[in-house]
Amino acid sequence: MLIPFGYLLARAFEADLATLQSLIWRPRNLRLLGNTLKLTALVLAFNALIALPLAWLTLRSDLKAKGLLTFLCVMPLAIPGYVMAYAILGMSGYYGFAHQFFGLRLPRLEGLWGAATALTLYTFPYMFLNLRAALAGVDPGLIESARSLGRSRWGAFWAVEAPHLRPALLTGSLVVGLYVLGDFGVVALMRYEAFSWAIYTQYSSAFDRTYAAWLSLMLMALTLVFVWAEAAFARNRRFARVGTGVARQATPAALGAWRVAAWAFLGVVFLASLGLPLLALIHWMIRGLPNMDWAQLGGSFLRTVATAGPAALLAVICGLPVALLAARWPSRLSALTERLAYLGYALPPLAFALAMVFFTLRAAPALYQSFAVLIFAYVLSFLALTLGPLRLALWGIGTRREEAARALGSSGPGAFLRVTLPQLRRPMAAGGLLVFIMICKELPITYLLAPTGYTTLSMNVFSRTSEGMMAEAAPFALALVVFSSLFVGLILRYEGSGRGRLPKDRS
Amino acid sequence: MSQPLLRARGLTKRFPGAARPVVEEAGFDLEAGEILALIGPSGCGKTTTLRMIGGFETPDAGEIRIEGRDALPLAPEKRGVGVVFQDYALFPHLTVVENVAFGVKGPRLQRETEADRFLDMVGLSGYGPRYPDQLSGGQQQRVALARSFAARPKLILLDEPFSNLDAALRAKTRREIRRILKATGLGVLFVTHDQEEALSFADRLAVMREGRILQIGRPEEVYARPASAFVAQFLGRTNLLAGAARGAQAETPLGVLPLAAPAEGEVLLSLRPEDLGLEPDAAGLGEIVGREFKGHDATYWVRAAGAEWQADVMGGPLLELGARVTIRAKAPAAPLGPE
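Calculation criteria
Residues numbered from 1 in each chain as written. Chains lettered and ligands numbered in written order. Predicted model: local features only at pLDDT ≥ 70, side-chain atom pairs only at ≥ 80, totals over all residues. Heavy atoms only, no water. Helix = DSSP H or I, 4+ residues; strand = E, 2+ residues; numbered from the N terminus. Buried < 20%, exposed > 50% of the residue type's maximum accessible area, 1.4 Å probe, protein only. Contact = heavy atoms within 4.5 Å. Pairing = 2+ DSSP bridges. pLDDT = per-residue confidence, 0-100. Salt bridge = Lys/Arg side-chain N within 4 Å of Asp/Glu carboxyl O. 1 Å grid on protein atoms, 1.4 Å probe; cavity = no way out; pocket = protein on both sides within 12 Å on 5 of 7 lines; lining within 4 Å. Points joined across faces, edges and corners; volume = space filled by probe spheres on them. Nonpolar A, V, L, I, M, F, W, Y, C, P; charged D, E, K, R; others polar. Buried area = accessible area lost by both parts, 1.4 Å probe. Polar contact = N/O pair within 3.5 Å; in protein donor to acceptor, adjacent residues only side chain to side chain. Axes fitted to C-alpha atoms, helices over the stretch in contact; angles between N-to-C directions. Patch = residues over 30% accessible without salt bridge, like charges linked within 9 Å, V, L, I, M, F, W, Y side chains within 5 Å. Areas by Shrake-Rupley, 256 points an atom, 1.4 Å probe, with all protein chains shown as cover. Expected span 1.5 Å × (residues − 1). Bend = angle between axes of the 7 residues up to and from the residue. Phe/Tyr/Trp six-rings, centres within 6.5 Å; stacked < 30°, edge-to-face > 60°. Lys NZ or Arg CZ within 6 Å of the ring centre and 35° of its normal.

Chemist: What should I look at first to understand the overall build of chain A in this one?
Modeler: Broken down by element type, chain A carries 22 helices and 0 strands. With 507 residues in all, chain A has 54% of them scored as buried. Considering only contacts in chain A between residues 6 or more positions apart, those separated by 24 or more positions represent 82%.

Chemist: Just to check I follow, could you spell out the pairing of strand β3 (residues 35-39) of chain B for this structure?
Modeler: Two faces make up the sheet, and in a regular strand the side chains alternate between them. Residue and element names in this part refer to chain B. With 5 of 5 residues buried, β3 lies mostly within the body of the structure. The alternating pattern of β3 places Ile35, Ala37 and Ile39 on one face and Leu36 and Leu38 on the opposite face, and all of these are buried. Where β3 meets strand β8 (residues 187-192), 5 bridges bridge the pair, whose relative direction is parallel. The partner of leucine 38 across the bridge, within β8, is valine 191. The sheet contact formed by β3 and strand β9 (residues 204-209) spans 4 bridges and is parallel. Considered in β9, the bridge of isoleucine 39 is made with valine 207.

Chemist: Quick question: what am I supposed to make of the confidence of the model for chain B here?
Modeler: The predicted coordinates should not be examined in detail at positions where pLDDT is low. Of the residues in chain B, 100% have a pLDDT of 70 or more, and the chain-wide mean is 90. Here the prediction assigns the complex a pTM of 0.71, and the interface score ipTM is 0.72.

Chemist: Honestly, the pattern of salt bridges in this entry has me stumped. Any pointers?
Modeler: Opposite charge on two side chains allows them to pair when their charged atoms are near. Scanning the model with the defined rule gives 27 salt bridges over all chains in all. A salt bridge links A:Arg400 to A:Glu403, with the nearest nitrogen and oxygen atoms 3.5 Å apart. Remark: A:Glu403 and A:Arg400 occur in helix α18 (residues 400-407); sequence separation between them is 3 residues, near one turn of the helix. For A:Arg400, a relative accessible area of 28% gives the class partly exposed. Salt-bridge contacts for B:Arg174 lead to B:Glu196; the nearest nitrogen and oxygen are separated by 3.3 Å. Taken as a pair, B:Arg174 in helix α5 (residues 167-184) and B:Glu196 in helix α6 (residues 195-201) lie far apart in primary sequence, 22 residues in all. Take B:Arg174: its relative accessible area is 9%, and that puts it in the buried class. On the basis of relative accessible area, B:Glu196 is assigned to the partly exposed category, the value being 48%. A cluster of three or more residues bridged by salt bridges with shared partners is formed by A:Arg400, A:Glu403, B:Arg51 and B:Glu57.

Chemist: Before we go on, may I ask you to explain empty space enclosed by the protein in this structure?
Modeler: Taken as a whole and assessed by the stated rule, the structure comprises 2 cavities of 30 Å³ or more. Looking at the largest cavity, the residues that line it are A:Arg400, B:Leu50, B:Arg51, B:Gly54, B:Phe56, B:Val83, B:Phe85, B:Leu157 and B:Asp159. For the lining of the largest cavity, the per-class residue count stands at 5 nonpolar, 1 polar and 3 charged. Lining the second largest cavity, in full, are A:Thr36, A:Leu39, A:Val180, A:Leu181, A:Val187, A:Ala194, A:Phe195, A:Ser196 and A:Leu219. Every element with two or more residues in the lining of the second largest cavity is listed here: α3 (27-60), α9 (153-182) and α11 (195-206) of chain A. Within the lining of the second largest cavity, the residues separate by chemical class into 7 nonpolar, 2 polar and no charged.

Chemist: Which parts of the structure should I look at to understand the layout of surface pockets?
Modeler: To find the voids left in a structure, one rolls a probe of water-molecule size over its atoms. Residue and element names in this part refer to chain A. For the second largest pocket, the calculated volume is near 500 Å³. As for the second largest pocket, its lining consists of 14 residues, of which Pro53, Trp56, Leu57, Trp154 and Leu255 are closest to the centre. Mapped onto the lining of the second largest pocket, the elements with two or more residues apiece are α3, α9 and α13 (258-288). Per-class residue counts for the lining of the second largest pocket are 13 nonpolar, no polar and 1 charged.

Chemist: What should I look at first to understand the interface of chain A and chain B in this one?
Modeler: If you look at the interface, chain A gives 16 residues, while chain B gives 20 residues. Buried surface at the junction of chain A and chain B, both sides included, amounts to about 1600 Å², of which 62% is carbon and sulfur. When residues of chain A are sorted by the area they lose upon contact with chain B, A:Arg400, A:Arg406 and A:Leu408 head the list and together hold 38% of the total. Inspection of the chain A/chain B interface yields 2 salt bridges. Taking the shortest distance from any N to any O, the salt bridge between A:Arg406 and B:Glu77 comes out at 2.6 Å. For the pair chain A and chain B, the number of links is 5 residue pairs in polar contact (both at pLDDT 80 or more).

Chemist: How should the sheet that holds β3(B) be read in this particular structure?
Modeler: Note on sheets: strands pair through backbone hydrogen bonds, and any given pair is parallel or antiparallel. Residue and element names in this part refer to chain B. Pairing in this open sheet of 6 strands is mixed, and the strands run β6-β7-β8-β3-β9-β10 from one edge to the other. Either end of the sheet is taken by a strand with one partner, and the two such strands are β6 (81-84) and β10 (212-217). The average angle at which neighbouring strand axes cross in this sheet is 20°, direction not considered. Packed onto the sheet, helix α4 (residues 137-150) meets β6 and β7 (155-159) and runs at close to 170° relative to β6.

Chemist: Any chance you could explain a nonpolar patch on the surface here in plain terms?
Modeler: On the surface, A:Leu30, A:Leu33 and A:Leu37 cluster together into a nonpolar patch covering about 260 Å² of accessible area. Considering the arrangement of structural elements, one finds A:Leu30 in helix α3.

Chemist: What is the right way to look at α13(A) in this model?
Modeler: For an α-helix the count is 3.6 residues per turn, leaving residues at separations of three or four pointing the same way. If you check α13(A), its first and last C-alpha atoms are 43 Å apart, about what 31 residues at 1.5 Å a residue would give, namely 45 Å. The sharpest bend along α13(A) measures roughly 40° and falls at A:Leu271.

Chemist: I keep staring at the side chain of B:Arg51 and nothing clicks. Help me out?
Modeler: Looking at the element boundaries, B:Arg51 is found in helix α1 (residues 46-54). If we ignore the near neighbours within four places in the chain, the residues touching B:Arg51 are A:Arg400, A:Glu403, B:Phe56, B:Glu57 and B:Phe85.

Chemist: Help me understand helix α7 (residues 111-137) of chain A in this model?
Modeler: Residues and elements named next belong to chain A. Taking 1.5 Å of rise per residue, the 27 residues of α7 would be expected to cover 39 Å, and the 39 Å separating its terminal C-alpha atoms lies within 8% of that figure. The sharpest bend along α7 measures roughly 40° and falls at threonine 123, with the proline proline 125 sitting one to four residues further on. Within α7, 22 of the 27 residues are buried, which leaves it mostly tucked inside the rest of the structure.

Chemist: I tried to follow the packing of aromatic side chains on my own but got confused; where do I start?
Modeler: Geometrically, a pair of aromatic rings is defined through the distance of the ring centres and the angle of the planes. The tally for this structure, following the rule as stated, stands at 15 aromatic pairs over all chains. Ring geometry for B:Phe162 versus B:Phe201: centroids 5.2 Å apart, planes at 70°, classification edge-to-face. Highlighted residues: B:Phe162 in the loop between β7 and α5 and B:Phe201 in helix α6, separated in sequence by 39 residues. Taking relative accessible area as the criterion, B:Phe162 reaches 0% and is therefore assigned buried. Grouped by ring-pair contacts, the aromatic residues A:Phe184, A:Tyr200, A:Tyr447 and A:Phe462 constitute a single cluster. Sitting over the ring of B:Phe102, A:Arg418 keeps its end group 3.8 Å from the ring centre. A cation over a ring is seen here: B:Arg147 above B:Phe91, with NZ or CZ 4.6 Å from the ring centre.

Here it is, written out as structure tokens:
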């Protein structure tokens, strides 16, 4: 984890002092920072505006089919950000489906607003799930006592529920914020000058690698500031429910005349987040169907699976001891390992991939763009995803049963193998599957580290869309969406268990 | 000299960062066939003591001998100590019979026959193929017991064994488990914070407070002659009174009382409510200020000599609030030692 970072630093300080100074104090850096922050702020604002009403409507209102609505709210996660960008781009223009279906020539939505729209439509489910879990955790008894003390339903929301939502809003903002910082596909397709796009162009076209390294370092620093800020704000949080036992179900609030507005709101959100990409994909799919390259599709599917499979397996194998150490023998060392795993996950993948490039070129040129390094990078980057389910399960299992096994004559390791490991099968499978699907959608690491000519599904979508070949990109994107739907099923299962921070997605 | 089954001496355990040790100089003996209760309020170190004997915590100082052999260097699985945890710790992925057979050595078929035998012993024959989550709390507990028996331990540790059962079930289960344990002839050490449980279940009990053992003895002994005010109050309701002792008697606010043990000088005495009798007496010094009727008896709160006294009275006509009474001690008062 630290070694590639070191090489990134080494690379950054390679140039002479004068060049360095001109690089660091370049006005462009300030503009990139401003752009990135603007984008993050915009996405976060959109997110809150969409997710808060959704969470309340699907939990506390008297709308029907709340289960289905919740599912639809999470479903956009199945559509990777760059596919969302693809859909928005594919809507406009002469051949875009807006013109072909409805005779509308829409202006091309790109830049800041295009990127913010695509990122919001893709990330709001994270915010939604965080807020919804927090809202569900508010004891209805608190609301009832607030109302018995003379507050209206609306007043009770602000007095009781809103304060409880603040930590969730913060956590959700961190998850979404990290996603925006790390995003590469959307800003690249939308041609918005944020850090990661600048790194990419710097690296791929200008070949000014020192500058690319510096930009990566700046982006990493920004990420750390985000993580630190969340931790600092979250420090004083109090946990809401202190009593034990099962919280009662809240009585649903009657919407009355607001019902129409609620449905209209839901309609717009779902149309934009799900209808739009699906329409775009189907539209371009039909246009591209006559000269479709099935062999290429099948080949890239297999190539995707061939890297994601071993990496997922390895991630679980590495994750088990880390989770075990953290759950059973908490110490500085175990906390450090765990934090490093999360750091690998939070770091912008493009910057991380670039660090790996420098590392292999310098330390082991033979490994540059080899499968070993690709899989190694995947594991470092996604290890954290396996930790959540494993740690949760280990806490749930506790040590009592292993102690019971030892009192019955099993040795220490024997007790673990006979008693605990069989109970870890499910979380191990869940963690592995999660990593697998994330890798399938992953773009920047694959793009930079995959062997030349080794094109996966995500790379095909990206490269074709960026060249304007919308019809050619459609089948790859559709395959990815279908595949990612599995991921949504997994996320919903975690939400069902109601604990733990939700895994952040990125692509 | 014959060795006791379990001998603990000077057990001390301090958790990192804690100001005081959780267990300090705890020592006791346990004979085969005996049930010893460790009783104390939560946080008094009783569970930690149990875990040290089980081998799940290492004491900072002290000695644990099982059948005369130093047990401290031994891993939990080598000590021959069975443990029944508060939450039973049944293995959820194994059936009942697989759970019970877990600690049995030998070929599979033989192990399961053996397990069936122990299931039969706890009255659960026929439950073997079920999974633990299909059993009630009381049944799970008996499976946990059978599982411990099947591993052929020398002694069994029970951690708050009845706290997960509802009150209606508790008394009945307690009698049943006591019968089963007595039939095995094993030594049993059990931990509880429930005085009624300790008094009725154990052959001897050890009262703990803040890591130290305050008194060890037979239940009736400890109840009737507590060593300190804490022990007296922890094992049940009591009246504490100061007195000036002169050998077998003491001058107290309730008059001159006989003592359960000779003492001299200023002493604190304990008199249980059932040891006080009330006589209606218009010229009596006491006045009834509270009454709680409980069916087979009634508790009265009587104000007399500047203090309030509790007295349990069986049968007879109920006394009214405000009635004047004379308080009489029906049993000698127990002098208490310093805390």
